[in-house]
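# Results of the structural survey
As a plain string of letters, each chain reads:
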Amino acid sequence: MIEYNQIENFLAGKTTSGPMPSRVDIDLTNVCNQDCFYCNSAEFREKFLVSGPTPFYYRLIDQLYAWKKTNPNHTGGINEVVFTGGGEPTVHKDYHKIVEYCIDKNFKVQIITNGSKLQKLVDYLPQEKIKNINWIGVDIDDYENKKVFEVTDQMQTMIENFSVKYNVKYNLNLARSTPRTYTKCHQMFLYPIFASNGDALVCCEGRGQKQFSIGNWMKTDVRKLWYNEKHMEVYNNTDVSLCPPCTPNKWNNAIQSLLQKS
Ligand code: SF4
Ligand code: SF4
């Protein structure tokens, strides 16, 4: 559940305290065992081929878990922790332990992966902990024709039919392509990305771009970075007309719609 209302209240000046992040992306590594033609972090990986040190991730998860200790006025809660991007998360030598640490803190854990090293997690985690992984997203793309897998109407119907037949829920995320109605990226107050080079970013498409970094999460308590001067500066100075399609497009449209009504 995304706190659209809470961020709208803050941006419209109805409250003095905004929400804490709702979704958090954690990049464990920039290293990848594949070389996808569409990879949005290929350039970033070339510049910073690093895996984050394991103790930093434990500390980060501890800070997320005890967010209100430092910021008691922040509203909302952290709903999702997603291990993703930069590189392939399962390539990190301790990824299975870090995922477990997060599950043990009762976060809803999600993993976006190319699927190649998932067996290590399956072998390591007890069954009852595996059940606490909310979802695992595996990329499927059209390598033969070098294009991103296109979800046609026919494909959508087929997926729906399989879902019913095998009683497996599915989620087709088509929200990236809906028209952009906002002129500012409001979701920057809900969704940080902790990159494996230390950048705390507020744009999921901005890995390696310092203009989207609000500080270094490996050197600073992340709870002190939220709503800092740089955070407000990035929000005010980002020109979204230059942005590529992005995951939080739906959130931004929803927040914009509330702001227009208020
Ligand atoms: S698997 Fe992911 S990180 Fe690796 S090259 Fe492909 S898109 Fe990039
Ligand atoms: S691409 Fe633009 S709209 Fe999307 S998250 Fe980044 S700054 Fe926001």
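So, a few notes on the structure that sits alongside this text. (Residues numbered from 1 in each chain as written. Chains lettered and ligands numbered in written order. Predicted model: local features only at pLDDT ≥ 70, side-chain atom pairs only at ≥ 80, totals over all residues.)

Every residue close to ligand 2 is listed here: Cys 185, Cys 203, Cys 204, Glu 205, Gly 206, Thr 238, Val 240, Cys 243, Pro 244, Cys 246, Pro 248 and Asn 252. Looking at the shell around ligand 2 residue by residue, the classes come out as eight nonpolar, three polar and one charged. (Near = placed C-beta within 6 Å. Nonpolar A, V, L, I, M, F, W, Y, C, P; charged D, E, K, R; others polar.)

Below, the discussion takes up the site of ligand 1. Taken together, Cys 32, Gln 34, Asp 35, Cys 36, Cys 39, Ser 41, Gly 87, Glu 88 and Asn 114 make up the full set of residues near ligand 1. Grouping the constituent residues of the shell around ligand 1 by class yields three nonpolar, four polar and two charged.

Orientation of helix H3 (residues 54-65) relative to helix H5 (residues 95-104), taken along the N-to-C sense of each, is 15 degrees, at an axis distance of 10 Å. One element, H3, and the other, H5, form an angle in the roughly parallel class. Every pair of crossing elements has a handedness; the one defined by H3 and H5 is right-handed. Side by side, H3 and H5 meet where Thr 54, Tyr 57, Tyr 58 and Ile 61 of the first sit next to Ile 98, Tyr 101 and Cys 102 of the second. Residues that form the contact of H3 with H5 fall into these classes: six nonpolar, one polar and no charged. (Axes fitted to C-alpha atoms, helices over the stretch in contact; angles between N-to-C directions. Helix = DSSP H or I, 4+ residues; strand = E, 2+ residues; numbered from the N terminus. Parallel < 35°, antiparallel > 145°, perpendicular 65-115°, else oblique. Left-handed = near helix turned anticlockwise from the far one by under 90°. Contact = placed C-beta atoms within 7 Å.)

Take unusual backbone geometry next. Not every positive phi belongs to a glycine, and Asn 106 is a case in point at roughly 70 degrees. For Asn 106, the position within the fold is in the loop between H5 and strand E3 (108-113). For Asn 106, a count of 9 C-beta atoms within 10 Å corresponds to the exposed category. Residue Asn 167 is not a glycine yet carries a positive backbone phi of 55 degrees. (Buried ≥ 20, exposed ≤ 12 C-beta atoms within 10 Å, placed from the backbone.)

The next thing to look at is the pairing of strand E1 (residues 23-27). Across the five residues that make up E1, a large majority, five, are buried. Residues Arg 23, Asp 25 and Asp 27 point to one face of E1 and Val 24 and Ile 26 to the other, with burial holding for every one of them. Here E1 runs beside strand E2 (residues 80-84); their pairing, made up of five bridges, is parallel. What sits directly across from Asp 25, in E2, is Val 82. Relative to strand E5 (residues 193-194), E1 is paired through two bridges, and the arrangement is parallel. Residue Asp 25 lies in a different strand from E5, and its bridge partner there is Ile 193. (Pairing = 2+ DSSP bridges.)

This part takes up the packing of helix H1 (residues 4-11) against helix H11 (residues 249-261). One way to put it is that H1 packs onto H11 with a least axis distance of 9 Å and a crossing angle of 50 degrees. Between H1 and H11, the angle falls in the class oblique. The crossing of H1 and H11 is right-handed. Contacts from Tyr 4, Asn 5, Ile 7, Glu 8 and Leu 11 of H1 reach H11 at Trp 251, Ala 254, Ile 255, Leu 258 and Leu 259.

Our focus in this paragraph is the environment of Phe 44. On the secondary structure map, Phe 44 appears in helix H2 (residues 42-47). Classification of Phe 44 as buried rests on a count of 23 C-beta atoms within 10 Å. It is 30 Å that separates the C-alpha atoms of Phe 44 and Ala 254, two residues lying 210 residues apart in sequence.

By the element assignment, Val 31 lies in the loop between E1 and H2. We classify Val 31 as partly exposed; it has 15 C-beta atoms within 10 Å. Residues in contact with Val 31, not counting those within four places in the same chain, are Leu 49, Ser 51, Gly 87 and Val 91.

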